[in-house]
Amino acid sequence: MSFILALDQGTTSSRAIVFDHAGGIVATAQKEFPQIFPKPGWVEHNPLDIWSTQAGVAAEVLQKAKLSAADIAAIGITNQRETTVVWDRETGQPVCNAIVWQDRRTAAICDSIRKRKLDRVIRRKTGLVVDAYFSATKVQWILEHVKGARARAKAGKLAFGTVDTWLVWNLSGGAVHVTDASNASRTMLYDIRKGDWDDELLKIFRVPRSMLPEVRSSSEIYAHTTLFGAPIPIAGIAGDQQAALFGQVCTKPGMVKNTYGTGCFMLMNTGTKPIASKNNLLTTVAWRIGRRTEYALEGSIFIAGAVVQWLRDGLGIIRTAADVEALAASVPDTHGVYLVPAFAGLGAPHWDQYARGVLVGLTRGTTSAHVARAALEGIALQVMDVLHAMQADAGITLRELRVDGGACANNLLMQLQADLLNCPVVRPQVAETTALGAAYLAGLAVGFWKSQADIARQWQADRRFKPSMKAASRKSLAAGWNKALGRAKGWESP
C-alpha cells in the first residue's frame, strides 16, 4: 500500500490526486460541476453533483494510475469550507441545494445579530466576524425556509454538515457523521478554545444539537470505504485553506501561505495560542493532531481566480483562464484602470457584504488588455491589504510568502504580488498543496509518513519572485486602489 489518495472537493470542481511516498503526484482527475445562481447574490450547488463528481474522479484517478484500492494506504479529504448541506438521516437525500460559502442571502440575519449586540460573544467564542460567509446563518435559513425542515430537525431526522462531512457520510454508506476541528471552526457554532459545539451559539442561530456531526482531530481513522473494492481507511480531513497551510509545511508560528483559488486565502500559523485580531482578520483552527490544536490568523478574499473566470465567461475577452497572463502582459500598466472584484461583497479586512464590483478609471484609450491587467492587480492589491492587517496583528514582518493554488502558475501575477508586498513570493514544486496537505494528514494517521519532520524534508521551491517595484509606484497604486475601494463599498442598500 504505497500511495495516498487525496480528494479535493472545491467550489467549481472535484479533484482526486494520487501521491507517492515522496509527495509527488502520480495521477490527477478533475471534473467541473454546475454552479447555480437562483437570484443575485445567491450561490448553490446540488449536493448530489458534489458527491457524484467526487466519487467519479476518485475511481477515474485510480484507473489512470493503474492502481486498485489495495494499493491505497489511506484517503485524505479537503474541501471548500462553510458550504452547508442538510440531509435526511434515513434516506441520505439533501433537503435542498447546498448553500455555498459565497452566498449572500443571509446578510439580513447577520445585520439583526449585530443589532442585538450578539456579534461580540460570537467573535469571542468562534474567532469569526459575523458574516453571511459562515455556515450558521445558512443552516438557520434552511430550517426557516424549507417546508417541514425545522420539525424534522427537532425530531433528530436531519443531519447538517460541511462538504467534508457530506463526503465521509457517503463514502461510509451513511455509517459515520463526523467533521474535523478545522472545518468545525468555520461554522460559527464552535468554540475554538473549548474545542466543542457551543450551546449559546446554537441557541442564537436556533440550530438543534442533534443535527451536528461529531468533531474529531484532523488526522485519524474516521471510517473505511469499500466503494473502490477493498476497504480503504479515511484518515485525514481539513478545510482547504488549512490543508494548504499544512501542505506548504507552514508548521512553525509566523509562517504564511496564500492560496490563489476561486477566492484568495492567506493564513499565518500562530502556534498553540489563538491570536484575537484587532484588524478584522479571522482566528481559526489550523488543525488538531492528537490532542494538540494549532491556530491560524486568516484573511479571506472572496473573489480572486473567479475574476479571471468572469473575464472568460462574462466578458468573453479571453478564451481560456491561462490566456489572461499574455493579454495583461501586452501592456506595461493598467492606464489608470482599477477593477475591484467585490462580486460577492468584500471579505477581510473590510467585511462589507453590501460592496459590489466596480471597474473605474476608464477612458477611450482603455482596452481589454488594461482590464485584464487591472483584474490581476485587483487580486494582488486585495492580498496586500490582508498582509498589512496580518503583520499588524502578529507584530512581525513577513520574510517570505509561500503561494499555491491554480493562479500561482501566473508569473505576472506572482511578480506583481512580490512588488506590491515588497517581499519575496515563493512557489513550491508541488503547487497542489491543498490536496497534498490532506494526503499528509491521512498518511500521518496510518504511519505512511512517520512524523511532521519527515514531511518537512519534502518541501522544495520551484521559483522565487523578488520585488523590483519602486516605492513611489507602489504608493501610487495603493492610493488609487483605496479610491476605487471607496466606490465599491456599500453599493447595495441593506
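Being a predicted model, the structure only gives us computed values, none of them experimental.

What about the nonpolar core?
Part 1 of the argument: If you look at the biggest cluster of nonpolar residues, it comprises 144 residues, and the most contacted ones within it are Ile122, Phe205, Met211, Tyr260, Val340, Leu376 and Leu401.
Part 2 of the argument: Take this core: its biggest share by element is 15 residues, from helix H12 (residues 368-394).
Part 3 of the argument: Those residues within four positions of Phe205 in sequence are excluded, and the remaining contacts are Ile113, Ile122, Ala136, Thr137, Gln140, Met188 and Leu189.

So, the packing of H12 against helix H16 (residues 471-488)
Part 1 of the argument: Packing of H12 against H16 leaves a shortest axis separation of 11 Å and a crossing angle of 95 degrees. If you check the angle between H12 and H16, you find them roughly perpendicular. Listed contacts from H16 to Glu377, Gly378, Leu381, Gln382, Met384 and Asp385 of H12 are Leu477, Ala478, Trp481 and Leu485.
Part 2 of the argument: For the contact of H12 with H16, the residue count by class is six nonpolar, two polar and two charged.

A word on the pattern of salt bridges
Part 1 of the argument: Scanning the model with the defined rule gives 26 salt bridges in all.
Part 2 of the argument: Its salt-bridge partner being Arg152, residue Asp88 comes within 3.1 Å of it at the nearest N-O pair. With Asp88 in strand E6 (residues 85-88) and Arg152 in helix H5 (residues 149-154), this pair connects stretches of sequence that are 64 residues apart.
Part 3 of the argument: Taking the relative accessible area as the measure of exposure, Arg152 reaches 28% and is therefore partly exposed.
Part 4 of the argument: The partner of Arg292 in a salt bridge is Glu294, with the nearest N and O atoms 3.1 Å apart.
Part 5 of the argument: Salt bridges here are not isolated pairs; linked through shared partners, they connect Arg81, Glu82, Arg186, Asp240 and Glu298.

Examining the packing of helix H1 (residues 47-64) against helix H6 (residues 163-171)
Part 1 of the argument: It is the contact of H1 with H6, at a shortest axis distance of 11 Å, that shows an interaxial angle of 60 degrees. By the angle between their axes, H1 is oblique relative to H6. Judged by the sense of rotation from one axis to the other, the crossing of H1 with H6 is right-handed. Facing H1, whose interface residues are Pro47, Leu48, Ile50, Trp51 and Gln54, H6 presents Val163, Trp166, Leu167, Asn170 and Leu171.
Part 2 of the argument: Grouping the amino acids of the contact of H1 with H6 by side-chain chemistry returns eight nonpolar, two polar and no charged.

Re the pairing of strand E22 (residues 425-428)
Part 1 of the argument: Side chains of E22 alternate between two faces, with Val425 and Arg427 and Val426 and Pro428 buried alike.
Part 2 of the argument: Here strand E21 (residues 401-404) pairs with E22 via two bridges, running parallel. Counterpart to Arg402 in the pairing with E22 is Val426.
Part 3 of the argument: Each parallel crossover has a hand, and the one from E21 via helix H13 (residues 411-421) to E22 is right-handed.
Part 4 of the argument: Pairing analysis gives four bridges linking E22 to strand E23 (residues 461-465), with the strands arranged antiparallel.

Let's talk about the sheet that holds strand E13 (residues 219-225)
Part 1 of the argument: Pairing is mixed across the open sheet formed by six strands, whose spatial order is E3-E2-E1-E5-E14-E13. Here the strands that pair on one side only, and so sit at the sheet edges, are strand E3 (25-32) and E13. The mean inter-strand angle of the sheet, taken between neighbouring strand axes irrespective of direction, is 25 degrees.
Part 2 of the argument: Judged from the four bridges that link them, E13 and strand E14 (residues 232-239) form a sheet pairing that is antiparallel. Each residue of the ladder has a partner; that of Thr225, found in E14, is Ile232.
Part 3 of the argument: Contacts from helix H9 (residues 240-247) reach strand E5 (72-79) and E14 within the one sheet, and its direction differs from that of E14 by about 100 degrees.

What counts and how
- Residues numbered from 1 in each chain as written.
- Predicted model: local features only at pLDDT ≥ 70, side-chain atom pairs only at ≥ 80, totals over all residues.
- Heavy atoms only, no water.
- Core = buried A, V, L, I, M, F, W, Y, C linked by side-chain atoms within 4.5 Å.
- Buried < 20%, exposed > 50% of the residue type's maximum accessible area, 1.4 Å probe, protein only.
- Helix = DSSP H or I, 4+ residues; strand = E, 2+ residues; numbered from the N terminus.
- Contact = heavy atoms within 4.5 Å.
- Axes fitted to C-alpha atoms, helices over the stretch in contact; angles between N-to-C directions.
- Parallel < 35°, antiparallel > 145°, perpendicular 65-115°, else oblique.
- Nonpolar A, V, L, I, M, F, W, Y, C, P; charged D, E, K, R; others polar.
- Salt bridge = Lys/Arg side-chain N within 4 Å of Asp/Glu carboxyl O.
- Left-handed = near helix turned anticlockwise from the far one by under 90°.
- Pairing = 2+ DSSP bridges.
- Right-handed = clockwise from strand over helix to strand, strands pointing away.

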